[in-house]
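Each chain, letter by letter, is given below.
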Amino acid sequence: MAIIEMKDVRKTFRTPQGTTVTAVDGVSFGVERGETLGIIGESGSGKSTLGRLILRLNEADSGSIFLEGEDIRALSKAQLRKRRRRWQIVFQEPFASLNPRLTIRQIVEEPLVVSKTYGSRTERLQRVIETLNEVGLSEEFLNRRPANLSGGQQQRVGIARCLVTDPTLVVLDEPTSSLDLTIRASILRMLAKLQVARDLTYVFISHDIETVRHFCSRVAVMHHGQFVETGTTHEVLSNPQQPYTQALMAAALPPVPYSPEAKAATA
Ligand SMILES: Nc1ncnc2c1ncn2[C@@H]1O[C@H](COP(=O)(O)OP(=O)(O)O)[C@@H](O)[C@H]1O
Ligand SMILES: [Mg+2]
């Protein structure tokens, strides 16, 4: 069964100036269990809005969205709250997405309390500790607060918070974009390991083509709210068919290393 089935989903916003922005403009796609779908595109192309629509954190204007066979646009608020634990999101800015007044223990425990997943206090604490360990944080972090953590540690807490309820689907909205390169690589490795260990399905939003190349099995290229090209990562990134994808990749080319031949050729 597909984890995500979306058909012709649209979302517009009213701007304060009174104009209308079409953030997502008729997007259709499916994601199978255990896959990682990468969504790439420039800033403003509608990636985050799409990620939020998948989890009904934004309400779509039209179209259909099925998660694990359920029509999520038709769920009541109460039903949706119950399902939330299975469908999670990790945000780009870990610090902004963690409540600064709470301890790490409270932050990671909260989804368990809200979804009434684990009954007793002891069981919940045990679960919080296990999950922190899984993301590479020891018990020493339990009573600390987000401001006392590094960016990488904050993002590990964000990931623990999302994993603690045992989700099937995780939307990762530029989860490593705000982090240093070396930390970025270790978080990506950890996410890849967790995916296998927990049989997770990922939607991985990024504007970084190299990250997507290493991390995703399939890719969708988003431009002005539409998918302009989709396929396996290899197909799309090795042999892009659409001019927009070609331009996006050309703009992202790493600087050419200095070589005397290349210099002579362009002189
Ligand atoms: N809550 C909102 N209100 C008004 N406009 C929004 C809102 N969220 C997103 N938009 C607009 O929708 C478009 C897509 O934004 P977004 O989904 O954040 O793109 P991306 O994540 O690719 O940078 C942009 O033009 C953005 O300004
Ligand atoms: Mg975004």
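Within every chain, residues take consecutive numbers counted from 1 along the sequence as written. Each chain takes a letter, starting from A, and each ligand takes a number, starting from 1, following the order in which they are written. This being a predicted model, a pLDDT of at least 70 is required before a residue's local features are given, and a value of 80 or more before pairs of side-chain atoms are given or counted; all residues contribute to the totals for chains, interfaces and linings.

Tell me about unusual backbone geometry, residues and numbers included.
In this model, Asp8 sits at a positive phi of 50°, which is unusual for a non-glycine residue. Turning to its location among the elements, Asp8 is positioned in strand β1 (residues 2-14). Classification of Asp8 as exposed rests on a count of 12 C-beta atoms within 10 Å. Numbering of helices and strands runs from the N terminus; a helix is a DSSP stretch of H or I covering at least four residues, while a strand is a stretch of E covering at least two. Counting other C-beta atoms within 10 Å of its own, a residue is labelled buried from 20 upward, exposed at 12 or fewer, and partly exposed in the gap between, with every C-beta atom placed from the backbone.

Residue-level account of the sheet that holds strand β7 (residues 169-173), with values.
Pairing between strands requires that DSSP locate at least two bridges from one strand to the other. Sheet architecture is open: six strands sit in the order β6-β7-β8-β3-β9-β10, paired in mixed fashion. Each edge of the sheet is formed by a strand with only one pairing partner; in this case those strands are β6 (87-90) and β10 (226-232). Averaged over all adjacent pairs, the angle separating strand axes in this sheet is 15°, with direction ignored. Here β7 runs beside strand β8 (residues 201-206); their pairing, made up of five bridges, is parallel. Considered in β8, the bridge of Leu169 is made with Thr201. Throughout, a residue-residue contact means that the two C-beta atoms, derived from backbone geometry, are no farther apart than 7 Å. Angular values range over 0 to 180 degrees, each being the angle between N-to-C directions of two axes fitted as lines to C-alpha atoms, with helices fitted over their stretch in contact. Sitting on the sheet, helix α1 (residues 47-54) is in contact with β3 (36-40), β6, β7, β8 and β9 (218-223), with an inclination near 160° to β8. Each of β6 and β7 touches helix α6 (residues 151-163); the most contacted strand, β6, lies at about 175° to it.

Give a detailed account of the nonpolar core, specifying residues and quantitative values.
Each nonpolar core consists of buried Ala, Val, Leu, Ile, Met, Phe, Trp, Tyr and Cys residues. Their C-beta atoms, within 7 Å, join them into a set. By size, the foremost hydrophobic cluster in this structure holds 59 residues, and its most contacted members are Ala160, Val203 and Phe204. No other element matches the five residues that α6 contributes to this core. In this structure, Val203 is in contact with Val31, Leu37, Ile39, Gly51, Ile54, Val171 and Leu172, ignoring residues within four places of it in sequence.

Summarise the sheet that holds strand β5 (residues 70-71); cite the residues concerned and give the values.
Read from one edge of the open sheet, four strands run β2-β1-β4-β5, paired in antiparallel fashion. Of all strands in the sheet, those bounded by a partner on one side alone are β2 (20-32) and β5. Here β1 pairs with β2 via ten bridges, running antiparallel. What sits directly across from Phe13, in β2, is Val21. Each of β1, β2 and β4 (62-67) is contacted by α1, which is oriented at about 60° to β2, the strand it contacts most.

Provide a residue-level description of the pairing of β9, including the pertinent values.
Of all six residues making up β9, five are buried, and the element is well covered by its neighbours. Pairing of β3 with β9, which is carried by four bridges, proceeds in the parallel orientation. When the sheet's bridge partners are listed, Ile39 is paired in β9 with Ala220. Counting the residues between successive antiparallel strands, the hairpin from β9 to β10 contains two residues, one of them, His224, with a positive phi of roughly 50°.

Lay out the pairing of β7 with the relevant residues and their values.
Most of β7 sits out of view: five of its five residues are buried. Side chains of β7 alternate between two faces, with Leu169, Val171 and Asp173 and Val170 and Leu172 buried alike. Relative to β7, β6 runs parallel, the two sharing four bridges. Across the sheet, residue Ile89 finds its bridge partner in β7, namely Val171.

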